[in-house]
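Residue-level listing of the chains:
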Amino acid sequence: METLQYPIGKFQAPAQITQEHLTAWIDTLDQLPARLRALTKDLSDEQLDTPYRPEGWTVRQVVHHLADSHHNSYIRFKWALTEDNPVIKAYDEKAWTLLPDLEASPIEWSLRHLEVIHHKLVQLLKVMTEAHYKRTFTHPDGNKVVTLEENLGHYAWHSNHHYAHIENLVKRSNW
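Just so you know, these numbers come straight off a predicted model, no measurement behind them.

Cut-off values and rules
- Residues numbered from 1 in each chain as written.
- Predicted model: local features only at pLDDT ≥ 70, side-chain atom pairs only at ≥ 80, totals over all residues.
- Heavy atoms only, no water.
- Core = buried A, V, L, I, M, F, W, Y, C linked by side-chain atoms within 4.5 Å.
- Buried < 20%, exposed > 50% of the residue type's maximum accessible area, 1.4 Å probe, protein only.
- Helix = DSSP H or I, 4+ residues; strand = E, 2+ residues; numbered from the N terminus.
- Contact = heavy atoms within 4.5 Å.
- Axes fitted to C-alpha atoms, helices over the stretch in contact; angles between N-to-C directions.
- Parallel < 35°, antiparallel > 145°, perpendicular 65-115°, else oblique.
- Left-handed = near helix turned anticlockwise from the far one by under 90°.
- Nonpolar A, V, L, I, M, F, W, Y, C, P; charged D, E, K, R; others polar.
- Phe/Tyr/Trp six-rings, centres within 6.5 Å; stacked < 30°, edge-to-face > 60°.
- Lys NZ or Arg CZ within 6 Å of the ring centre and 35° of its normal.

A.B. asks: Honestly, the nonpolar core in this entry has me stumped. Any pointers?
C.D. replies: General note: in soluble globular proteins, nonpolar side chains tend to be found buried as a group. The biggest cluster of nonpolar side chains holds 41 residues, and the ones touching the most others in it are Leu36, Phe77, Leu125, Leu152 and Ile166. Of all the elements in the fold, those that place two or more residues in this core are α2 (19–40), α4 (59–82), α7 (107–127) and α9 (148–172). Non-local contacts of Ile166, meaning those with residues more than four positions away in its chain, are made with Leu36, Leu39, Thr40, Val59, Val62 and Val63.

A.B. asks: How should the packing of α2 against α9 be read in this particular structure?
C.D. replies: Working note: a packed helix pair is described by the angle between its axes plus the distance between those axes. Running from amino to carboxyl end, α2 crosses α9 at an angle of 25 degrees, the nearest separation of the two axes being 9 Å. Relative to α9, the element α2 lies roughly parallel. Here the hand of the crossing between α2 and α9 comes out left-handed. Note on element contacts: α9 touches α2 through Glu149, Leu152, Gly153, Tyr155, Ala156, Ser159, Asn160, Tyr163, Ile166, Glu167 and Val170, opposite Leu22, Trp25, Ile26, Thr28, Leu29, Leu32, Arg35, Leu36, Leu39 and Thr40. Residue classes in the contact of α2 with α9 are distributed as 13 nonpolar, five polar and three charged.

A.B. asks: Help me out: how do you make sense of the packing of aromatic side chains in this one?
C.D. replies: In this description, an aromatic ring pair is defined by two values, namely the gap between the centres and the angle between the planes. By the definition in use, this model includes two aromatic pairs. Aromatic side chains Phe11 and Trp157 sit 6.4 Å apart centroid to centroid with 50 degrees between the ring planes, which places their arrangement in the tilted category. Of this pair, Phe11 sits in the loop between α1 (2–5) and α2 while Trp157 sits in helix α9, and the two are 146 residues apart along the sequence. By relative accessible area, Phe11 is classed as partly exposed at 21%. Ring geometry for Tyr91 against Trp96: centres 4.4 Å apart, planes inclined by 50 degrees, an arrangement best described as tilted. Looking at Lys10, its charged tip hangs above the ring of Tyr6, at a distance of 5.0 Å from the centre. A cation over a ring is seen here: Arg35 above Tyr163, with NZ or CZ 3.9 Å from the ring centre.

Take a look at the structure:
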């Protein structure tokens, strides 16, 4: 079950985040929308409504979650760049996936949203300085102070984490 839930392992920020890390993470974010579109383009509604693991989200919910989560991440970057260590707004991601607007909504809308939000985020990330990446926000769950460089790494991991959920289901199901 652990492998199904965390197919690429849990996120661990490197002790020292280098420019190479940042560049690789930006590339991951830049490539996710096209990779995700290619992975899901031939899936039927029945396949989209299949959970990636027992008691897990459906493919549809994962795609919609990625759009919601990465939208929130983009806003967190903006807050941290314009405010001094803001306390960000957390949200109940599980509850968001159950809202009726996403229940049978085509993933196309979230794929488009990801394309736009990732384009905007990647453009921002590419012009940020080392000082920008050291800026922080506080996550209210545990009052954890997070640097923007760590947040970038987390969302690159998050991209690959959920991509692997769908990819592994596609492979296991021979779709």
